[in-house]
Amino acid sequence: MSLQMVSAVSNSSLLQPGCSLLNFDGHVFFFGQKGWPKRSCPTGVFFLDIKQNELKMKPAFFSKDSCYLPPLRYPAICTLRGNAESDKHQYIIHGGKTPNNDLSDKIYIMSLVSKTSKKTTFQCIEKDLGGDVPEARYGHTINVVHSRGKSMSVIFGGRSYMPLAQRTTEKWNSVVDCLPSVFLVDFEFGCCTSYILPELQDGLSFHVSVARNDTIYILGGHSLQNNTRSPSLYKLKVDLPLGSPALTCTVLPGGISVSSAIVTQTGDTEFVLVGGYQSDNQKRLVCNTIVLEDNKIEIVERASPDWTPDIKHCRMWFGCDMGKGSVLLGIPGANKQLISDANYFYILRCKGAEEDEEEEQICSQASTEDQGDSTPFEDSEEFCFSAEANSFDVDDIDTYNEDDEEDESETGYWITCCASCNIDINTWVPFYSTELNKPAMILCSNGAGHWVHAQCMDLSESMLLRLSEANVKYFCNEHVDLNKGLQTPKKVMHLKKQPMKPLRKKKTMNLTTPVKKSFLRRLFE
């Protein structure tokens, strides 16, 4: 095993605990940044380009028929291999935390559409599920099992917020273990079924799960209720006959008390377990080899790499599987770098057998909760990733530069802009043709100015385009009347109009009428 440090050339602050790595056609992509995506990369998906020990992040794109995919942290992710009818390589993404700390219960299918030397395009589709739909959660695992020519996804573990009836102001964001139920998800028919197994008594989160054929092995994990890391090793077997599925669970000896560990595949049946925590205040620096053969599992300790002093003495660490026996590790660098949220990164290469193309699923959880959200080791939070290959021989493309972006953290796209605002991140769909994954907003010039959603202001698309192009001030529906009342009327110069003299009728004298001399005198004077 060899450990090598890499320099993060651009935007290392986006790589934080809770992110995930996706591997498409040998190229590794980053997903789940901290904070909402910026305009230079609205998808929030980046290609990780590592050359000469330098790490660069380059933006990826979504197809026009893709749904909105928020930057989810600590989701459950696994690969979905193509069958005889399709060779496409896809990823399943379920749950996770949004930048607003809301939990997602949605499930997405992400696939590669096209890739050139300059642009990578993905397609993301949200799957509608019915039946026993798993509640919103994070820190759980998802795997795909194959039995009797059928395939199903298995969801287990994780954490969620307290039920609304039990939440108080002081503990509004408190989390609890999800019930130890096992969910079978059939993507073909879009239905979910939950199972309660007597062997699974306590809820687990940030555990490791490795699947092969019809069997899933669950190792380690942390329980909030008992504040323990389970030493148990569970063997979950799924049988998919023509009728109802059958699930059996067996508790095996030889487990490891660990949470937040990372698993990477090094051979046909060989995997390496790296990192994690063995207690609330102690990292686990020991590595293990996991071998799956003949419907059994074997876990043995192996030689660890020469950890650097920075890794040994840091309070927390995080990382994810890059595939092909490589692991990306990160440690906080707040005390040594000018950027407070920047990290040091290492690539750990585990020597193993030759690469295997067999259908195997790896799903592991890694790291701890975001450094700013909780005390390190107190509440072990990890993230999920699954990758099977690692290659960075890609031509240079435009590098994303976060410094070119305006700071949108104060405004935000998912605010309540007015009393009648109905924009919700969980239900929003594009309304204007110019929208992709965020609602269109416009600045109200009242006072110091504030942002409002164009859709909430009932602006037509033509009017929105006209306002964006014209250099005029806009006032929202709540302030337009107030603004009119405060305006001073412009002084208008009125033209003086001379009154028109009425035409006098000429008087004619009737010679037959007697005329007084006094009247004639006045008339001719």
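Residues numbered from 1 in each chain as written. Predicted model: local features only at pLDDT ≥ 70, side-chain atom pairs only at ≥ 80, totals over all residues. Heavy atoms only, no water.

As annotated in an unreviewed UniProt entry, the protein carries the name V(D)J recombination-activating protein 2 and is attributed to Anseranas semipalmata. Per its UniProt entry, the protein bears the Sequence similarities (unreviewed entry) comment "Belongs to the RAG2 family." In its Subcellular location (unreviewed entry) section, UniProt records this for the protein: "Nucleus". (UniProt positions renumbered as here; feature names shortened; annotations may be inferred.)

Asks: Even after reading the chapter, I still don't get the pattern of salt bridges, so can you show me in this structure?
Replies: When their charged atoms lie close together, side chains carrying opposite charge are able to pair. All told, the structure shown has five salt bridges when counted by the stated rule. Lys-237 is the partner of Asp-214 in a salt bridge, and the nearest nitrogen-oxygen pair spans 2.9 Å. Remark: Lys-237 occurs in strand E22 (residues 233-239) and Asp-214 occurs in the loop between strand E18 (208-212) and strand E19 (215-219); sequence separation between them is 23 residues. For Asp-214, a relative accessible area of 19% gives the class buried. When the shortest N-O distance is used, the salt bridge between Arg-229 and Asp-280 registers 2.9 Å. Highlighted residues: Arg-229 in strand E21 (residues 228-229) and Asp-280 in the loop between strand E26 (277-279) and strand E27 (282-283), separated in sequence by 51 residues. For Arg-229, a relative accessible area of 8% translates into the label buried. (Salt bridge = Lys/Arg side-chain N within 4 Å of Asp/Glu carboxyl O. Helix = DSSP H or I, 4+ residues; strand = E, 2+ residues; numbered from the N terminus. Buried < 20%, exposed > 50% of the residue type's maximum accessible area, 1.4 Å probe, protein only.)

Asks: Please explain the nonpolar core as it appears in this structure.
Replies: A general tendency of soluble globular proteins is for nonpolar side chains to be buried together. Core analysis: the biggest nonpolar cluster contains 25 residues, and Trp-414, Val-452, Cys-456, Met-457, Leu-459 and Tyr-474 have the highest contact counts within it. Of all the secondary structure elements, the ones that give two or more residues to this core are strand E35 (441-444) and helix H2 (461-469). Of the residues forming this core, the biggest block, three residues, is contributed by E35. Beyond its immediate sequence surroundings of up to four residues, Val-452 is in contact with Cys-417, Ala-440, Met-441, Ile-442, Met-457, Tyr-474 and Cys-476. (Core = buried A, V, L, I, M, F, W, Y, C linked by side-chain atoms within 4.5 Å. Contact = heavy atoms within 4.5 Å.)

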